[in-house]
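A structural walkthrough
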Amino acid sequence: MKLITAIIKPNKVEGVKNELSKVGISGITLTEVKGFGRQKGHKEVYRGTEIEVSFLPKSKLEIAVKDEELESVINAIQLATKTDQIGDGKIFVTDLSKVIRIRTGETGPSAI
C-alpha cells in the first residue's frame, strides 16, 4: 500500500477529483496549505505599499492506494494538474505499513 501526497494549485483540485473518480478512487483528504519552491512567490500591492508574498496558497491531497493502483493515480493527478509552468506542484509517494478502518477493524488493503 502507498500514500500519495500531492501539493497542487488550489484551482486544480476539482479536476484531480474528477480524474481520480475515473480510475476508481473515491477517498481523498484535502488540506489547504501554503508553501513556496521555485515559484518564489509574488508581489502584491496593499494600501499603496508593495509587499512580497513568499508563501503561496496550495492544496495538499492525500490518497491511500493499493500498490496496483499507484501508477494510474499518479497519471490521473498529472493529467489534471500539468501546465508545464513553474508551480504545477509535486507528488510524493510513501509506503504504508498498516491501515486500519476504525469502524470495522479491517486492516490492510481492504481498509482503504
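This text goes with the structure placed above it.
My aim in this report is to walk through the structure given alongside it, one point at a time.

The rules behind these values
- Residues numbered from 1 in each chain as written.
- Predicted model: local features only at pLDDT ≥ 70, side-chain atom pairs only at ≥ 80, totals over all residues.
- Heavy atoms only, no water.
- Pairing = 2+ DSSP bridges.
- Helix = DSSP H or I, 4+ residues; strand = E, 2+ residues; numbered from the N terminus.
- Buried < 20%, exposed > 50% of the residue type's maximum accessible area, 1.4 Å probe, protein only.
- Contact = heavy atoms within 4.5 Å.
- Axes fitted to C-alpha atoms, helices over the stretch in contact; angles between N-to-C directions.
- Core = buried A, V, L, I, M, F, W, Y, C linked by side-chain atoms within 4.5 Å.

Let's talk about the pairing of strand β5 (residues 56-65)
Pairing geometry for strand β1 (residues 2-8) and β5, over seven bridges, is antiparallel. Pairing of Ile4 across the sheet is with Ile63, part of β5. Alignment of strand β2 (residues 29-35) against β5, held across seven bridges, turns out to be antiparallel. In the sheet register, Val33 faces β5, and the bridge partner there is Lys58.

Overview of the environment of Ala111
Inspection of the secondary structure puts Ala111 in the segment after β6 (90-95). Residue classification places Ala111 among the buried residues on the basis of a relative accessible area of 10%. When the C-alpha atoms of Ala111 and Val65 are compared, they prove to be 10 Å apart, with 46 residues separating the residues in sequence. Ignoring anything within four residues of it in the chain, the contact list for Ala111 reads Val99, Ile100, Arg101 and Glu106.

Quick word on the sheet that holds β2
Strands sit in the order β2-β5-β1-β6 across an open sheet of four strands; the sheet is antiparallel. Only two strands of the sheet have a single neighbouring strand rather than two, namely β2 and β6. Sheet twist, expressed as the mean angle between neighbouring strand axes with direction ignored, is 25 degrees. Helix-sheet contacts for helix α1 (residues 13-22) involve β1, β2 and β5, and the interaxial angle to β5 is about 15 degrees. Against the sheet, helix α2 (residues 70-81) contacts β1, β5 and β6, and its axis sits at roughly 5 degrees relative to β1.

Overview of the nonpolar core
Across soluble globular proteins, nonpolar side chains have a tendency to be buried as a group. Ile4, Leu20, Ile63, Val73 and Ile77 are the most contacted members of the largest nonpolar core, which totals 16 residues. Counting only elements with at least two residues in this core, the list comes to β1, α1, β5 and α2. With six residues, α2 is the single largest residue contributor to this core. Beyond its immediate chain neighbours, meaning those up to four positions away, Ile77 contacts Ile4, Ala6, Val16, Leu20, Ile63 and Ile91.

Quick notes on the environment of Met1
In this structure, Met1 sits in the segment before β1. By relative accessible area, Met1 is classed as buried at 16%. If we ignore the near neighbours within four places in the chain, the residues touching Met1 are Val65, Asp67, Thr94, Asp95, Leu96, Ser97, Lys98, Val99, Gly108, Pro109 and Ile112.

Some points on unusual backbone geometry
Notably, Asp84 is not glycine yet its phi reads approximately 65 degrees, a positive angle. Summarising the element assignment, Asp84 is placed in the loop between α2 and β6.

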